[in-house]
Amino acid sequence: MGNILDARKNSILFKDDCGGQGSGICCDSDSVSGAVSQRACVYCGARVVLNPITDAYHIIHGPIGCSSYTWDIRGSLTSGEDIYRNSFSTDLQETDIIFGGVRKLEAAVDELMNAHRSAKLIFIYATCIVGVIGDDVDAVCRTKSAQYEIPVIPVKSPGFSGNKSTGYRMACDAIMEVLCPHKTEKKHGTINILGDFNLAGEMWIIKNYFKKIGIEVICGFTGDARYDDMCRAPGASLNIVQCAGSSTYLAQRMEEEFGIPYIKVSFFGVEDTTASLVRVAEALGDEAAREKAVMFCMEETEKLQGFLAKYTKSLKGKKAAIYVGGGFKAISLIRQFAVVGIQTVLVGTQTGKKEEYEVIESLVDQDTVILDDANPAELETFMKEKGADILVGGVKERPLAYKLGVAFCDHNHERKHPLAGFEGVYNFTREIDRSINNPVWEYVKVL
Ligand code: SF4
């Protein structure tokens, strides 16, 4: 623990010490100042949730640097419009910061509407500097919304105003502003999928499963979402939440406003995909769909047996480190690794909740390290100490793994192949094997 700041010690748990009794890791709180958290800022948290709405326009009110966070580093796919792949920025300069940026923001909305007259939905993000100078973004949104008769929605997300989870909540509140005017009668047996961003087409894989078992999906939030589909979402009879960290709050608000109950699901790995499909059918009280789900999952699991047995031979006994955004994904990954004989020796999340850490504690082996809101120094210390063979994480963790001479698997938004559903099990297992057993590691010398 020599490298660990005192203020961080309660966010690190050694299962040996707590005995897996859910002894209470410190989590779901702001990052420790100066600890160089791996978390992104509030604005980035909001953007990651809203950006995949394919026909929405995103105006970033701030310096040009903030708008570099765009589709290119969050590769959600679309089946229609692709305007979401652009960023629009007010490009605030020194004079705007001194005299205020409101006029520039109004001009940006006017310019956008002149160039794109069919725009249906605009989000305006207030970044750090706007939080400092205090531009009245709400007033601009109200005025422009009335002028153009479309929703122009403020997302007040200065990077310093909380943590990434704060940004998730702001995005969910912005989505609710779109949905609230469209309250409608519920259509029996229908669902919305929350917290799936259609990375590498994963939303399409999951929607296809629901089609096979006879369940209609009204809208996905926000992968491949369109404004018109979002407006129909209040008519669903159940919400299912895949990325719990970003979208549980949206599910709670939809339950309050529209009376739509929700369940949490995960479509990573055989066990969780099977359990999730069956649970959704049960939650809808749809016996025919439940039977179809059981049959479909049995067939897919059967097909995977030989494949998993083959890869278990080359992966058994390896050690994995996991550092991902939310707790549900970490839980699924621990299970997926166990299927092929890989032990999880380190596991952490950026935004995990207490109850998710309790499940994690119950799943991992006795000598596992569990971390909340880690920083590079902590990850490096414990990966070395535990002898991890592979790190599963996102773009910010990749260089850390490679510098340590450790294999890496991208399980975040930058990957180009789906890791969800049964298709994802094939891709994930192959990628883990190719990365861990790559001969390059024999030639890498870590200083
Ligand atoms: S921390 Fe502030 S300046 Fe940096 S990307 Fe986030 S909003 Fe922009």
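Residues numbered from 1 in each chain as written. Predicted model: local features only at pLDDT ≥ 70, side-chain atom pairs only at ≥ 80, totals over all residues.

The chain goes by Nitrogenase iron-molybdenum cofactor biosynthesis protein NifE in an unreviewed UniProt entry, where it is assigned to Kineothrix sedimenti. For the chain, the Function (unreviewed entry) comment in UniProt is given as "This protein may play a role in the biosynthesis of the prosthetic group of nitrogenase (FeMo cofactor)." According to UniProt, the comment filed for the chain under the heading Pathway (unreviewed entry) is "Cofactor biosynthesis; Fe-Mo cofactor biosynthesis." (UniProt positions renumbered as here; feature names shortened; annotations may be inferred.)

Engineer: Teacher, can you tell me more about the overall build of the chain here?
Structural biologist: From N to C terminus, the chain includes 17 helices and 14 strands. Taken over the C-alpha trace, the chain has a radius of gyration of 22 Å; the compact-globule value for 447 residues is 22 Å, and the two agree within 12%. The dimensions of the chain, computed from C-alpha atoms along their principal axes, are 65 × 55 × 40 Å. Within the chain, the fraction of its 447 residues that count as buried is 50%. (Helix = DSSP H or I, 4+ residues; strand = E, 2+ residues; numbered from the N terminus. Rg over C-alpha atoms; globule rule 2.2 N^0.38 Å. Buried ≥ 20, exposed ≤ 12 C-beta atoms within 10 Å, placed from the backbone.)

Engineer: When you look at the domain arrangement of the chain in this model, what are you seeing that I'm missing?
Structural biologist: One widely used convention gives an interface's size as the accessible area the parts lose upon coming together. Per the domain assignment, the segments making up the chain are domain 1 (6-30 + 311-443), domain 2 (42-162) and domain 3 (182-294). The centre of domain 1, based on its C-alpha atoms, is set 34 Å off from the matching centre of domain 2. Each partner contributes to the interface: domain 1 provides five residues, whereas domain 2 provides four residues. When the residues that make up the side of domain 1 that touches domain 2 are grouped by side-chain class, the tally is one nonpolar, one polar and three charged. (Domains from an automatic or database assignment. Contact = placed C-beta atoms within 7 Å. Nonpolar A, V, L, I, M, F, W, Y, C, P; charged D, E, K, R; others polar.)

Engineer: Mind showing me how you'd approach the site of the ligand here?
Structural biologist: Near the ligand you find C41, Y43, C44, G62, C66, T127, C128 and G159, and these make up its full shell. When grouped by side-chain class, the residues that make up the shell around the ligand number five nonpolar, three polar and no charged. (Near = placed C-beta within 6 Å.)

Engineer: Sorry, what's going on with the sheet that holds strand β10 (residues 319-324) here?
Structural biologist: Backbone-to-backbone hydrogen bonds join strands into a sheet, with any given pair of strands oriented parallel or antiparallel. Taken in spatial order, the six strands of this open sheet run β1-β12-β11-β10-β13-β14, and their pairing is mixed. Single-partner strands in this sheet number two, and they are β1 (12-14) and β14 (407-410). Taking the axes of each pair of neighbouring strands and ignoring which way they run, one obtains an average angle of 15° across the sheet. Here β10 pairs with strand β11 (residues 343-349) via six bridges, running parallel. When the sheet's bridge partners are listed, Y323 is paired in β11 with G348. Relative to the sheet, helix α13 (residues 327-339) contacts β10, β11 and β13 (390-393), its axis offset from that of β10 by approximately 165°. (Pairing = 2+ DSSP bridges. Axes fitted to C-alpha atoms, helices over the stretch in contact; angles between N-to-C directions.)

Engineer: Teacher, can you tell me more about the sheet that holds strand β2 (residues 57-61) here?
Structural biologist: Strand order in this open sheet of four strands is β3-β2-β4-β5, and the pairing throughout is parallel. The open sheet has two edge strands, β3 (88-89) and β5 (152-156), and neither has a second partner. The sheet contact formed by β2 and β3 spans two bridges and is parallel. Paired with I59 across the two strands is F88, which belongs to β3. Docked against the sheet, helix α2 (residues 42-50) engages β2, β4 (122-126) and β5, running at close to 165° with respect to β4. Taken strand by strand, helix α4 (residues 102-115) contacts β2, β3, β4 and β5, and its axis lies near 160° from that of β2.

Engineer: Sorry if this is basic, but what is going on with unusual backbone geometry here?
Structural biologist: Glycine aside, residues mostly have negative phi angles, and peptide bonds mostly take the trans form. Here the bond from F221 into T222 is cis, since omega is 0°, no more than 30 degrees from zero. Relative to the elements of secondary structure, T222 occurs in strand β7 (residues 216-222). The phi dihedral of D224 is positive, around 55°, even though this residue is not glycine. Here D224 lies in the loop between β7 and α9 (227-232). A positive phi angle, near 50°, is found at D373, a position not held by glycine.

Engineer: For this particular structure, what's the right way to read the environment of F14?
Structural biologist: Its location among the elements puts F14 in strand β1. Exposure remark for F14: the 13 C-beta atoms within 10 Å place this residue in the partly exposed category. Taking the C-alpha atoms as reference, F14 lies 9.5 Å from L346; in sequence the two are 332 residues apart.

Engineer: Sorry, what's going on with helix α10 (residues 244-258) here?
Structural biologist: Spacing of three or four residues puts side chains on the same side of an α-helix, whose turn is 3.6 residues. Look at α10: 19 Å from first C-alpha to last across 15 residues, which is about the 21 Å you get at 1.5 Å a residue. Residues of α10 that are buried: A244, G245, S246, S247, T248, Y249, L250, A251 and M254. (Expected span 1.5 Å × (residues − 1).)

Engineer: Just to check I follow, could you spell out the nonpolar core for this structure?
Structural biologist: One broad rule of soluble globular proteins: the nonpolar side chains tend to lie buried together. Core analysis: the biggest nonpolar cluster contains 125 residues, and I124, V155, A171, I322, I390 and L391 have the highest contact counts within it. The greatest single-element share of this core, amounting to eight residues, is contributed by helix α7 (residues 164-179). When neighbours within four sequence positions are excluded, I322 is seen to be in contact with A330, L333, I334, T344, L346, V347 and V392. (Core = buried A, V, L, I, M, F, W, Y, C linked by C-beta atoms within 7 Å.)

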